[in-house]
Amino acid sequence: MRIVKTIWASIGIAVCFFYLGCGSVQSAEAGVPNISQVVPLTVSAGSNGVTVKITGSNFSDQSVVLWNGGKLATTVVDDTTLASPVESASLSAPGTAQLQVENAITGQKSKSVSVTIFGATTTTTTAPALTISTTSLPSGVIGTPYSFTLVAAGGTPAYSWSVTSGKLPAGLSLSAFTGILSGTPTATGSFSFGVTVKDYSNPVQSKSATVTIVIAPTPLTITTSALSSGSTGKTYSQTLQASGGTPFYRWAISSGSLPAGLTLSSVKGTISGTPTASGIFAFNVTATDKGNPAQTSSAPMTIVVTPSS
């Protein structure tokens, strides 16, 4: 009896390794695929091909879309969305096709959803004109995650989006299915590009628009919070520091004054010289970057100059 148990345990281990780990098999058997929506549900006979979008649950990287039982090339957009192209040969004549989702590991299949392939004589309802509602984009900041959804109206949902002219800022991408512009921009500037949205009406409607996004540098900030004290008749030197914006920075005293004998380098931001009078000297410094438009940042500073002993 002990020998039989050992044999079955060995078989179980072998099966786990065959399927790349027991955890993977359990994940694949999480549930029967379930379809909640298919777009489009109607296609014109003789179409040059169409991409169907399937949303539902219990999808995984092992999910495969079936068209009348035959497997289609399947893109797993996320754990609730699949996309598959249907070639024109499958749309050549009017009729009804059965669409399913299958787990390729377990063989479990969803219930069938009917997709109608209608002929030229089939009456269709004219969809309202397709429009792009988004007219402007909020600005972004370099190195900061960005996300904004382009919005369309009219036509026959669902929509597909694409960039048809110009270029997106480096680090950003546009989702064809959701219209979400997202990513982390890696370059500053003003970027104009053309976007086109298409619907699933018959014939297909499309609409294009040009939008602009500004990617700004990180805010300019003076990081020096305090200055060291000095003594009359002794050499003094301290360099102000800043971050963000677009280097290089220009420095200036915007109010108040430095102790007599000290000056501020507008290029290096260094306060230096030999103070000739003692006291407490308060003033404001301003840093300006090379951005277009330029950013500025100001901060109050104080230098205490003591008499030489």
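The following paragraphs examine the structure supplied in this document. The shown structure was predicted, so the numbers you read here are calculated from the model rather than taken from an experiment.

## A short note on the nonpolar core
For step 1, the next point in the chain: Core analysis: the largest hydrophobic core is formed by 20 residues, its most contacted members being L227, L240, W251, I271, F283, M301 and I303.
For step 2, the next point in the chain: Those elements that place two or more of their residues in this core are β24 (262–264), β26 (279–288) and β27 (296–306).
For step 3, the next point in the chain: Setting aside its immediate chain neighbours within four residues, F283 contacts L227, I253, S255, G256, S257, L258, I271, A299, P300, M301 and I303.
For step 4, the next point in the chain: Judged by nonpolar contacts, the second largest core, of 19 residues, contains L130, I132, L172 and V211.

## Focus: the pairing of strand β4 (residues 63–67)
For step 1, the next point in the chain: Across the five residues that make up β4, a large majority, five, are buried.
For step 2, the next point in the chain: Residues S63, V65 and W67 point to one face of β4 and V64 and L66 to the other, with burial holding for every one of them.
For step 3, the next point in the chain: Relative to strand β8 (residues 95–103), β4 runs antiparallel, the two being bridged by five bridges. Within β8, the position partnered with V64 by the bridge is E102.

## What to know about the sheet that holds β24
For step 1, the next point in the chain: Pairing in this open sheet of three strands is antiparallel, and the strands run β21-β25-β24 from one edge to the other. The open sheet terminates on both sides in strands that have one partner only, identified here as β21 (236–239) and β24. The average angle at which neighbouring strand axes cross in this sheet is 15 degrees, direction not considered.
For step 2, the next point in the chain: Here β21 pairs with strand β25 (residues 270–273) via four bridges, running antiparallel. By the bridge assignment for β25, Q238 is matched with I271.

## Points about the environment of I215
For step 1, the next point in the chain: Relative to the helices and strands, I215 is located in strand β18 (residues 206–216).
For step 2, the next point in the chain: The spatial distance from the C-alpha of I215 to the C-alpha of V141 is 5.2 Å, given a sequence separation of 74 residues.
For step 3, the next point in the chain: With residues near it in sequence (within four places) discarded, I215 still touches G140, V141, I142, P169, P185, A187, T188, G189 and F191.

## Some thoughts on the sheet that holds strand β11 (residues 140–141)
For step 1, the next point in the chain: Here we have four strands laid out as an open sheet, ordered β11-β18-β17-β14, and mixed in their pairing. Edge strands, defined here as strands with exactly one partner in the open sheet, are β11 and β14 (160–166).

## A closer look at the environment of P145
For step 1, the next point in the chain: Along the chain, P145 turns up in the loop between β11 and β12 (146–149).
For step 2, the next point in the chain: Judged by its relative accessible area of 68%, P145 is exposed.
For step 3, the next point in the chain: Linking P145 and G171, residues 26 residues apart in sequence, is a C-alpha distance of 9.5 Å.
For step 4, the next point in the chain: Beyond its immediate chain neighbours, meaning those up to four positions away, P145 contacts G183 and T184.

Definitions and cut-offs
- Residues numbered from 1 in each chain as written.
- Predicted model: local features only at pLDDT ≥ 70, side-chain atom pairs only at ≥ 80, totals over all residues.
- Heavy atoms only, no water.
- Core = buried A, V, L, I, M, F, W, Y, C linked by side-chain atoms within 4.5 Å.
- Buried < 20%, exposed > 50% of the residue type's maximum accessible area, 1.4 Å probe, protein only.
- Helix = DSSP H or I, 4+ residues; strand = E, 2+ residues; numbered from the N terminus.
- Contact = heavy atoms within 4.5 Å.
- Pairing = 2+ DSSP bridges.
- Axes fitted to C-alpha atoms, helices over the stretch in contact; angles between N-to-C directions.

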